[in-house]
Structures are given as C-alpha cells and as structure tokens.
Amino acid sequence: MTDKRRTIHSFVRRQGRLTTSQRRALLELWQDYGIDVTDQPLVLADVFGDCQSIVLEIGFGNGDSLCRQAQAHPHIGYLGIEVYQPGVGRLLNQLADHQLTNVKLICEDAVTVLQHNIPTGSLDGVQIFFPDPWPKKRHHKRRLIQPAFIDLLVPKLTATGCIHLATDWPPYAQQMLTVLEAHPQLVNGAAEGGYYPRPTQRPLTKFEQRGERLGHPVFDLLFQRA
Ligand SMILES: C[S@@+](CC[C@H](N)C(=O)[O-])C[C@H]1O[C@@H](n2cnc3c(N)ncnc32)[C@H](O)[C@@H]1O
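This write-up is about the structure you can find in this document. Everything numeric here is computed off the predicted structure, so don't read it as measured data.

Cut-off values and rules
- Residues numbered from 1 in each chain as written.
- Predicted model: local features only at pLDDT ≥ 70, side-chain atom pairs only at ≥ 80, totals over all residues.
- Heavy atoms only, no water.
- Helix = DSSP H or I, 4+ residues; strand = E, 2+ residues; numbered from the N terminus.
- Rg over C-alpha atoms; globule rule 2.2 N^0.38 Å.
- Buried < 20%, exposed > 50% of the residue type's maximum accessible area, 1.4 Å probe, protein only.
- Contact = heavy atoms within 4.5 Å.
- Areas by Shrake-Rupley, 256 points an atom, 1.4 Å probe, with all protein chains shown as cover.
- Near = heavy atom within 4 Å.
- Polar contact = N/O pair within 3.5 Å; in protein donor to acceptor, adjacent residues only side chain to side chain.
- Nonpolar A, V, L, I, M, F, W, Y, C, P; charged D, E, K, R; others polar.
- Domains from an automatic or database assignment.
- Pairing = 2+ DSSP bridges.
- Axes fitted to C-alpha atoms, helices over the stretch in contact; angles between N-to-C directions.
- Core = buried A, V, L, I, M, F, W, Y, C linked by side-chain atoms within 4.5 Å.
- Parallel < 35°, antiparallel > 145°, perpendicular 65-115°, else oblique.
- Left-handed = near helix turned anticlockwise from the far one by under 90°.
- Salt bridge = Lys/Arg side-chain N within 4 Å of Asp/Glu carboxyl O.

**A closer look at the overall build of the chain**
- Looking only at helices and strands, one finds 9 helices and 7 strands in the chain.
- In terms of overall dimensions, the chain is globule-like: its C-alpha atoms have a radius of gyration of 17 Å, near the 17 Å expected for 226 residues.
- Taking the principal axes of its C-alpha atoms as reference, the chain extends roughly 45 × 40 × 40 Å.
- Here the chain holds 226 residues, and the buried ones make up 50% of them.
- Relative to all contacts within the chain whose residues are 6 or more apart in sequence, the contacts with residues 24 or more apart total 80%.
- Here the chain has roughly 11,600 Å² of accessible surface; of this, 51% comes from carbon and sulfur atoms.

Spelled out as structure tokens, the structure:
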C-alpha cells in the first residue's frame, strides 16, 4: 500500500462526458473548493478553520449525498475525494449554489491521498458509501475495503474517530465486516455486533437508489477507533 507504482486500483478512470456546466465548474469553482495535493501532508486545521470536526468521504460519486450532509452539518468540515470528474464538476456546482463553505474536494486516488496527504490522527470520521463492489472473483483484489487499506486508514482517525461504510452487495458486506472486525484498534458500534441499523442522518445516495430499485438489501457498518 505504500508503493507509488501500485497498479491495482479500486476504480477505472471513466472518461464520462463532462457537461458544459461541469466543465465550467472545474475551471471556475475549483479555486474555491478544490485542493491540488502535492506529496506533502495537508494542514487540515487550516483548511477547515472554523469547523469543529473533520469527516472524509471517499468516492462521493455525483456528490448529492455529500452536499446534503454539508448543508445539514455546517460545523463539520467535509473533505471529499473522488476520481470521477463529472461527479466532481457536478458537486462543485451544488456547493456554489448552496454557498457552502465547509466542503473541500480532491480529485485523486484516495489511497495515494491517504498515503501522502492526510495527517495521522486528523479525521473524526471516514465514510465510504457504496464503494464499487467488483462482483467478479478475478476483480476482488480491486475492492477498496481490504486489510491493507484499513491499516492505512485507521491511524488517520482521531482517538475516537469512526469509519462508516455502506454497501448493497452482500458478499462485499461480509468482507467489510470480516476486515473491520479483525482490526485490533476498531470496535463495532452495533450493540450486538454485525451490521449497524441504517443511520437516519445518512442521505440516500445515487448508487443506493439504483440498488433500491433493483431490490437490493443495504448494509451499514459503523466502527469506532478503540
Ligand atoms: C459505486 S460508486 C458510489 C458513489 C456514491 N458513493 C454513491 O453511493 O452514489 C463508487 C465511487 O467511488 C469512486 N472511487 C473508487 N475508488 C476510488 C479511489 N481509490 N479514490 C477516489 N474515488 C474512488 C468511483 O469513481 C465511484 O464514483
């Protein structure tokens, strides 16, 4: 996980067509909301000056759910990482429309960003909603939630920081549970173990809506740093 030449990615760079409005947002709004990372750690306290806590969302997709959370919790600073440019462009427009000041975006591979830019003990929460399930066995190695990834993520949490995952793919849900339960510094937030009841404050995501239409079950997992 620390090898910069890593070739297995959890995403395929889709060249989804940018609409005119998304292209303009990337050109004109990036300076307000975007962070161009280098190989140096970010100073998140400076990035989110007035915010009381900082939550990282990896793979926000079209950003609808992240925008709604940021509106609902103006005292939380949200750092969103997504590689899909049309999604980033769309979210930039939403952030500007709602004049939100508590969101910053990075358009890079989250693994690289965690390796180089996120300081130890800096995140109150990490949320990864409906990460690509990679259903074919030969693609399982691409799944984001693996022991090495969680080893990279956990030190970035504050002493009481939480990881919140959700998926609608039962075998991936089981994999997530196994990986998180095996981590010595994580404790399951579900009172009786297993999956967590869907938190009402988690907005429905686009991917989740698609799964609902297909009749997929949804699994939430909430683990806290011990
Ligand atoms: C299945 S979509 C879910 C999007 C959104 N969370 C939702 O529920 O609608 C997964 C998203 O994660 C993004 N993604 C996957 N791996 C990533 C990585 N390593 N870094 C940043 N984004 C990633 C993909 O580009 C994609 O938009």
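**Quick look at the site of the ligand**
- Neighbouring the ligand are 18 residues, the closest being Ser-10, Gly-59, Glu-82, Phe-129 and Thr-205.
- Contacts to the ligand include Ser-10, whose side-chain N or O atom sits 2.8 Å from a nitrogen atom.
- In terms of residue class, the shell around the ligand is built from 8 nonpolar, 4 polar and 6 charged.
- When we break the shell around the ligand down by domain, the ones giving at least three residues each are domain 1 (18–119) and domain 2 (121–226).

**With respect to the side chain of Asn-102**
- For Asn-102, the location among the structural elements is in the loop between helix H5 (85–97) and strand E3 (103–106).
- The exposure class of Asn-102 is buried, given its relative accessible area of 2%.
- A distance of 3.1 Å separates a polar atom in the side chain of Asn-102 from the backbone oxygen of Ala-70.
- Within the structure, Asn-102 has its side chain in polar contact with the backbone oxygen of Ile-76 (distance 3.0 Å).
- Ignoring any residue separated from it by four or fewer positions in sequence, one finds Asn-102 in contact with Phe-48, Cys-51, Ala-70, His-73, Pro-74, Ile-76, Gly-77 and Tyr-78.

**A short note on the sheet that holds strand E7 (residues 219–225)**
- Spatially, 7 strands are ordered E3-E2-E1-E4-E5-E7-E6 in an open sheet, and the strand pairing comes out mixed. On the outer flanks of this sheet lie E3 and strand E6 (186–188), each paired with one strand and no other. On average, each strand axis in the sheet is tilted by 20 degrees relative to the strand beside it, whichever way the strands run.
- Two strands pair when backbone bridges link them, and strand E5 (residues 157–167) and E7 are joined in this way by 6 bridges, in the antiparallel orientation. By the bridge assignment, Cys-162 is partnered in E7 with Gln-224.
- Packing of helix H8 (residues 170–182) onto the sheet brings it into contact with E5, E6 and E7, and relative to E7 it is tilted by some 10 degrees.

**Looking at the nonpolar core**
- Membership of the largest hydrophobic core comes to 36 residues, with the highest contact counts inside it found for Ile-58, Ile-145, Phe-149 and Ile-150.
- Of all the secondary structure elements, the ones that give two or more residues to this core are strand E1 (53–58), strand E2 (76–81), helix H6 (110–116), strand E4 (123–129), helix H7 (147–153), E5, H8 and E7.
- Per-element tally for this core: the top contributor is H8, with 5 residues.
- Domain assignment of the residues forming this core places at least three in each of domain 1 (18–119) and domain 2 (121–226).

**Quick word on the packing of helix H4 (residues 64–72) against H5**
- Where H4 contacts H5, the axes come no closer than 9 Å and their chain directions differ by 25 degrees. By the angle between their axes, H4 is roughly parallel relative to H5. Remark: the crossing between H4 and H5 carries right-handed chirality. Between H4 and H5, the contacting residues are Asp-64, Leu-66 and Cys-67 on the first element and Arg-90, Leu-91 and Gln-94 on the second.
- Broken down by class, the residue content of the contact of H4 with H5 amounts to 3 nonpolar, 1 polar and 2 charged.

**Quick notes on the pattern of salt bridges**
- A full pass over the atoms with the stated rule returns 4 salt bridges.
- Note that Arg-202 is salt-bridged to Asp-220, the shortest N-O span being 2.8 Å. Taken as a pair, Arg-202 in the loop between E6 and helix H9 (206–213) and Asp-220 in strand E7 lie far apart in primary sequence, 18 residues in all.
- Residue classification places Asp-220 among the buried residues on the basis of a relative accessible area of 1%.
- Connected through salt bridges with shared partners, the residues Arg-198, Arg-202, Glu-208 and Asp-220 form a single ionic network.

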